Amino acid sequence: MDKAQQAASKRNAGYHAAEMIKDGMVIGLGTGSTVFFAMERLGERIAEDGLSITGVPTSYQAAIRARRYGIPLSSLDEHPKLDTAIDGADQADPDLRLIKGRGAALLREKCVCDAAREVLIVVDPTKMVETLNAPVPVEVLPFASAPVSRRLAALGASPVLREGVKKDGPVVTDNGNFILDCDFGAIMDPESLETAIAAIPGALECGLFTAYREKITVIVGEEKGCRVVSLH
Ligand SMILES: O=C(CO)[C@H](O)[C@H](O)COP(=O)(O)O
């Protein structure tokens with residue numbers, strides 16, 4: 001799939017998710033290029049049809065983009081329960097388990113996913129895999145990054161501190177933490193791995209999302225149209 005085909009697929013997925021949003025909904029807004037297409041379409045529906053929605057952004061980037069599209073914003077303080085959330089993913093398997101966090105927003109994304117009654121995951125076809133095998137991002141407390149790294153290595157990864165492309169030194173998340181990218185190879189038991197990582201003090205969250213399969217709908221954008229996958 002070339003770049004133009006991928007962009008068309010992302011756009012179709014994002015637009016499809018945006019069409020599923022109903023008047024009055026409070027929605028989590030994920031981070032990443034595919035969600036931005038959903039926001040673009042939501043902005044059009046607000047401007048053209050008077051759609052009334054409230055967004056809870058998962059990152060500064062999502063908030064900036066949502067404002068640009070005229071989406072009114074709120075927070076989990078105001079809305080601890082969300083009608084739905086739209087988010088992207090780096091990989092999804094047939095059981096709708098995900099790896100997220102390329103954009104370093106995984107901690108807030110998991111909070112929003114947890115708060116949402118349903119979750120729309122928008123992806124292009126390259127994200128669909130039989131077995132999750134991408135590096136798992138782990139957000140770590142900087143104070144504890146060395147011991148956390150050792151614990152992750154004991155689980156089978158070679159953790160790599162994520163460094164900035166446009167800045168010197170480590171990437172600092174919107175929450176003031178670091179990211180360790182952890183390549184575990186093929187992940188045969190994502191649930192156990194997520195539980196094991198969650199048990200490490202100082203590992204604040206990881207990019208494995210295995211607990212939300214029942215409320216997730218994956219919208220796979222194709223060059224023309226979409227394929228919708230859910231377990232319900
Ligand atoms: O998890 C994420 C950010 O933390 C993104 O949703 C994920 O990386 C997908 O991004 P894109 O839609 O740009 O491919």
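Source: prediction; values computed, not measured. (Residues numbered from 1 in each chain as written. Predicted model: local features only at pLDDT ≥ 70, side-chain atom pairs only at ≥ 80, totals over all residues.)

*Asks:* Can you help me understand the pairing of strand β12 (residues 216–221) in this one?
*Replies:* Within a regular strand, the side chains alternate between the two sheet faces. Across the six residues that make up β12, a large majority, five, are buried. Across five bridges, strand β6 (residues 116–123) lies against β12 in parallel orientation. Looking at β12, one finds that V119 is bridged to I216. Two elements, β12 and strand β13 (residues 226–230), share five bridges in a ladder whose sense is antiparallel. (Buried ≥ 20, exposed ≤ 12 C-beta atoms within 10 Å, placed from the backbone. Helix = DSSP H or I, 4+ residues; strand = E, 2+ residues; numbered from the N terminus. Pairing = 2+ DSSP bridges.)

*Asks:* Whenever I open this one, the site of the ligand confuses me. Can you help?
*Replies:* Close contacts around the ligand come from 17 residues, with G32, T34, G88, R102 and G103 the closest. Within the residue set of the shell around the ligand, elements represented by two or more residues are α2 (33–49) and α4 (106–115). In terms of residue class, the shell around the ligand is made up of four nonpolar, eight polar and five charged. (Near = placed C-beta within 6 Å. Nonpolar A, V, L, I, M, F, W, Y, C, P; charged D, E, K, R; others polar.)

*Asks:* What is the right way to read the sheet that holds strand β11 (residues 208–209) from this model?
*Replies:* Through backbone hydrogen bonds, the strands of a sheet pair up, either in parallel or in antiparallel fashion. Taken in spatial order, the three strands line up as β4-β5-β11 in an open sheet, and their pairing is antiparallel. Single-partner strands in this sheet number two, and they are β4 (91–92) and β11. Pairing of strand β5 (residues 98–99) with β11 involves two bridges; the strand directions are antiparallel. The partner of L98 across the bridge, within β11, is F209.

*Asks:* Teacher, can you tell me more about the sheet that holds strand β8 (residues 160–161) here?
*Replies:* The sheet built from four strands is open, its strands ordered β8-β9-β7-β10 with antiparallel pairing. Either end of the sheet is taken by a strand with one partner, and the two such strands are β8 and β10 (203–206). Bridge count for strand β7 (residues 136–140) against β10 is three bridges, and the pairing is antiparallel. Each residue of the ladder has a partner; that of V140, found in β10, is A203. Along the sheet, α4 makes contact with β7 and β10, crossing β10 at roughly 65°. (Contact = placed C-beta atoms within 7 Å. Axes fitted to C-alpha atoms, helices over the stretch in contact; angles between N-to-C directions.)

*Asks:* Can you walk me through the pairing of strand β3 (residues 82–87) in this structure?
*Replies:* Of all six residues in β3, five are buried; the element is thus mostly enclosed. Two strands pair when backbone bridges link them, and strand β1 (residues 26–29) and β3 are joined in this way by three bridges, in the parallel orientation. Looking at the pairing, I27 lines up with T84 of β3. With five bridges joining them, β3 and β6 adopt parallel strand pairing. Following the sheet pairing, T84 is matched in β6 by E118.

*Asks:* How should I be thinking about the nonpolar core in this particular structure?
*Replies:* The nonpolar side chains of soluble globular proteins are, as a tendency, buried together. Among the nonpolar cores identified, the biggest contains 63 residues, and A38, A85, I86, I121, V122 and V138 are the most heavily contacted of them. Shared between two domains, this core holds at least three residues of each, these being domain 1 (3–128 + 211–230) and domain 2 (136–207). (Core = buried A, V, L, I, M, F, W, Y, C linked by C-beta atoms within 7 Å. Domains from an automatic or database assignment.)

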